[in-house]
Amino acid sequence: KCSMDLVRPAVWEDLFFANGHIHTLTKDSAPTKYRCDADVRNSLLANNCNIGGKVENSVVFRSVYIDSGAEVKDSIVMQDSRIGANAKLECVICDKDVVITPGRVLKGDPGYPLVIRKGTVI
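The shown structure was predicted, so the numbers you read here are calculated from the model rather than taken from an experiment.

Rules used in this analysis
- Residues numbered from 1 in each chain as written.
- Predicted model: local features only at pLDDT ≥ 70, side-chain atom pairs only at ≥ 80, totals over all residues.
- Heavy atoms only, no water.
- Helix = DSSP H or I, 4+ residues; strand = E, 2+ residues; numbered from the N terminus.
- Rg over C-alpha atoms; globule rule 2.2 N^0.38 Å.
- Buried < 20%, exposed > 50% of the residue type's maximum accessible area, 1.4 Å probe, protein only.
- Areas by Shrake-Rupley, 256 points an atom, 1.4 Å probe, with all protein chains shown as cover.
- Lys, Arg positive; Asp, Glu negative; His and termini not counted.
- Charge placed at Lys NZ, Arg CZ, Asp CG, Glu CD.
- Core = buried A, V, L, I, M, F, W, Y, C linked by side-chain atoms within 4.5 Å.
- Contact = heavy atoms within 4.5 Å.
- Disulfide = S-S within 2.5 Å.

### Things to note about the overall build of the protein
A count of helical and extended segments in the protein gives 2 helices and 15 strands. In terms of overall dimensions, the protein is globule-like: its C-alpha atoms have a radius of gyration of 14 Å, near the 14 Å expected for 122 residues. Each principal axis of the C-alpha distribution contributes one length, and for the protein these read about 45 × 35 × 25 Å. Out of the 122 residues belonging to the protein, those deemed buried represent 30%. Accessible surface, the protein: about 7,400 Å² in total, of which carbon and sulfur atoms supply 53%. Averaging the positions of the 16 positive and the 15 negative side-chain charges in the protein gives two centres separated by 4 Å.

### Looking at the nonpolar core
Counting residues in hydrophobic clusters, the biggest one holds 19 residues, and the most contacted among them are Val 60, Ile 66, Ile 83, Cys 94 and Ile 100. For Cys 94, the contacting residues outside a window of four places in its chain are Ile 76, Val 77, Met 78, Leu 89, Ile 100 and Ile 116.

### Observations concerning the side chain of Asp 67
Checked against the element boundaries, Asp 67 lands in the loop between strand S7 (65–66) and strand S8 (71–73). Exposure remark for Asp 67: the relative accessible area of 17% places this residue in the buried category. Setting aside anything within four residues of it in sequence, one finds Asp 67 in contact with Arg 35, Gly 52, Gly 53, Arg 82, Ile 83, Gly 84 and Ala 85.

### Regarding the state of the cysteines
Under the definition given, this model contains 0 disulfides. Between Cys 49, a cysteine without a disulfide, and Cys 94, which holds the nearest cysteine sulfur, the sulfur-to-sulfur distance is 13 Å. With relative accessibility at 2%, the residue Cys 49 sits in the buried group. No disulfide involves Cys 91; its sulfur sits 12 Å from that of Cys 94, the nearest cysteine.

Bear in mind that shape data such as this cannot, by itself, settle questions of function.
Now the structure itself:
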């Protein structure tokens, strides 16, 4: 719930700007690439992602690949995960290194999200 709250401007403004700087170890990498078919709305994306699908009301960690035609809604996708072409995720939490193969449809509930374990291939 706290991670999903970060898509609300009042929350991330308070976290990142109201109380001074946040000091952390940085991982220098390329900025996120938004391809021609990307459609991102009300989401927080980290660096080094490659986005070709639709992302809405979601938090996406670094180095995530979302292929063309994929839809990620009300979800959290942790680092180094891959969402295949035309896959659909709604109310899903993907841990690190998760691969969702093309065409898969996964749906949880806002009160009970579907959680995918680290390193899982579906």
